[in-house]
Amino acid sequence: MVKAIVGANWGDEGKGKITDMLARDSDIIVRFQGGANAGHTIVNNYGKFALHTLPSGVFYDHTTSIIGNGVALNIPVLFRELKQIVDRGVPMPKLLVSDRAQIVMPYHVLFDQYEEERLGGKSFGSTKSGIAPFYSDKYAKIGFQVSELFEEDIIREKAERVCAVKNVLLEHLYQKPLLDVGELIETLHEYRDMVAPYVCNVSLYLDQAIREGKTILLEGQLGTLKDPDHGIYPMVTSSSTLAAYGAIGAGLPPYEIRQIITVVKAYSSAVGAGAFVSEIFGEEAEELRRRGGDGGEYGATTGRPRRVGWLDIPATRYGCRLQGTTDVAFTVLDVLGYLDEIPVCTGYEIDGSVTTEFPVTGKLEQAKPVIEKLPGWKCEIRGIREYEQLPENCRRYIEFAEQRIGYPITLISNGPGRDDIIYRKSKL
Ligand code: GDP
């Protein structure tokens with residue numbers, strides 16, 4: 001049984017917590033896209049962790065954690081993260097790295113920084129982790145696949161090719177220090193030695209696991225609106241954030257993904273630039289940001305304050321549709337308990353008419369939010385485990401959201417911990 005856990009919006013919906021929770025009853029957790037540019041925050045019995053590269057299942061000793069071929073693998077970051085969790089008492093996880101994953105090189109990180117510098121005020125708000133240069137090289141076919149680290153001839157030949165291309169840009173576009181072939185080869189040798197014990201033919205391993213009836217979780221990063229095809233291009237990430245890509249980025253048949261759990265936050269937040277129709281500002285935003293998430297809405301990787309806003313129905317409905325949602329996990333609901341009234345963006349006004357469909361970026365930038373308000377519940381809901389125990393106005397908010405989103409909310413998260421979860425039977 002394969003399940004995907006993905007985001008409906010801009011990321012930071014709480015996928016890490018849901019994955020960590022579902023990992024309890026799973027065998028294998030696979031990261032299938034993205035790199036160390038975003039993170040998941042997880043709170044469990046070992047403490048609070050920000051993971052960037054490791055799958056969110058690493059805290060259990062019965063699970064195998066896999067870095068799939070679709071991931072942008074930063075080897076030093078992976079091993080630093082591994083050491084950090086082990087140093088804090090987590091047992092050494094069982095880790096496998098796909099022999100087809102490609103490697104984020106130090107020059108990818110540099111090119112990311114140089115390009116942001118060059119663009120100045122017009123930058124994409126990159127986290128400068130090298131992700132866009134990495135994926136560009138992958139598709140330009142000058143990336144390094146993990147399997148290639150073990151082929152000396154390939155390493156040498158490719159290192160020369162890479163230096164020739166990159167050095168033209170470094171010299172003439174960026175006026176920065178050039179790459180050295182010898183140094184590059186040395187780095188590749190170091191990476192080879194670090195990753196060697198973990199390398200695996202992941203698609204074969206997963207094929208076998210599926211035949212044995214194992215439970216596999218595919219863990220997405222970011223959300224639909226950051227997908228390069230279906231998101232707010234060009235303010236998107238460089239790999240697909242959709243569950244469909246889980247099949248490719250892990251190496252398994254698409255029809256094996258039986259459950260797609262799309263994580264939706266009870267309000268909105270976004271890191272980085274781009275259209276965000278339901279965004280709020282000033283004191284109202286500051287209060288939500290301060291109370292939001294677990295200790296405020298600040299990026300897990302960058303520490304940047306997140307932009308915040310109200311639940312955006314057109315974006316979320318679209319986000320769930322593109323994911324192929326079977327279940328919605330509605331998260332961080334507890335945070336809204338302070339509000340007398342809860343605004344919800346139920347439509348967009350574009351060119352004088354109202355739509356509930358999510359448009360292409362140019363139109364989105366002109367959209368003004370149509371706001372409806374629901375009564376708040378004005379109390380703490382953490383600790384509640386039964387749907388019927390939630391205050392009436394809280395259930396009304398959930399049911400309103402579900403009806404407008406159009407996909408069943410079957411999980412409700414009312415706190416950052418593993419057990420802060422309510423299972424619900426949807427009437428949809
Ligand atoms: P991800 O990238 O989708 O995994 O999201 P992040 O981990 O970046 O952000 C989610 C934040 O919300 C983290 O700080 C979580 O600990 C926290 N969180 C997750 N679910 C809940 C919840 O139901 N209530 C509260 N208060 N915090 C939550």
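Below is a short write-up of the structure. All figures in this text were calculated on a predicted structure; none of them were measured in a lab.

1. Let's talk about the environment of Tyr191
For Tyr191, the position within the fold is in helix H6 (residues 181-195). Distance in space between the C-alpha atoms of Tyr191 and Met105 is 9.8 Å, their sequence separation being 86 residues. Those residues within four positions of Tyr191 in sequence are excluded, and the remaining contacts are Ile75, Pro76, Ile103, Val104, Met105, Pro106 and Leu149.

2. Here we look at helix H7 (residues 202-211)
Because each turn of an α-helix spans 3.6 residues, side chains separated by three or four positions in sequence point in the same direction. Every buried residue of H7 is accounted for by Val202, Leu206, Ala209 and Ile210. Summarising the axial view, the buried residues of H7 lie within an arc of 100°, below the 170-degree limit, and thus occupy one face. H7 presents Leu204 and Arg211 as exposed residues on the side facing more than 90 degrees away from its buried surface. Of the residues one or two after H7, Gly213 is the one with positive phi, at around 80°.

3. Topic: the pairing of strand S4 (residues 47-51)
Pairing of strand S3 (residues 40-44) with S4 involves five bridges; the strand directions are antiparallel. By the bridge assignment, Ile42 is partnered in S4 with Phe49. Between S3 and S4, which follow one another and run antiparallel, lie two residues.

4. Topic: the sheet that holds strand S15 (residues 327-331)
The sheet built from ten strands is open, its strands ordered S9-S7-S5-S2-S10-S1-S11-S15-S19-S20 with mixed pairing. The open sheet has two edge strands with one neighbour each: strand S9 (199-200) and strand S20 (421-423). The pairing of S15 with strand S19 (residues 409-413) spans three bridges and is classified as parallel. Within the sheet, the bridge partner assigned to Ala329 lies in S19 and is Leu411. With respect to the sheet, helix H8 (residues 243-250) is in contact with strand S1 (2-7), strand S2 (28-31), strand S10 (216-219) and strand S11 (257-265), its orientation differing from that of S11 by roughly 125°.

5. A short note on the site of the ligand
The local shell around the ligand holds 20 residues, among which Gly16, His40, Thr41, Asp334 and Ser413 are the closest. The contact in question runs from an oxygen atom of the ligand to an N or O atom on the backbone of Gly14, over 2.9 Å. Between Asp334 and the ligand, the recorded distance is 2.7 Å, taken from a side-chain N or O atom to a nitrogen atom. Look at the ligand: alone it shows 590 Å² of surface, and the protein chains cover 98% of it. In terms of residue class, the shell around the ligand is built from three nonpolar, nine polar and eight charged.

Procedures and definitions
Residues numbered from 1 in each chain as written. Predicted model: local features only at pLDDT ≥ 70, side-chain atom pairs only at ≥ 80, totals over all residues. Heavy atoms only, no water. Helix = DSSP H or I, 4+ residues; strand = E, 2+ residues; numbered from the N terminus. Contact = heavy atoms within 4.5 Å. Buried < 20%, exposed > 50% of the residue type's maximum accessible area, 1.4 Å probe, protein only. Arc of directions from axis to C-beta. Pairing = 2+ DSSP bridges. Axes fitted to C-alpha atoms, helices over the stretch in contact; angles between N-to-C directions. Near = heavy atom within 4 Å. Polar contact = N/O pair within 3.5 Å; in protein donor to acceptor, adjacent residues only side chain to side chain. Areas by Shrake-Rupley, 256 points an atom, 1.4 Å probe, with all protein chains shown as cover. Nonpolar A, V, L, I, M, F, W, Y, C, P; charged D, E, K, R; others polar.

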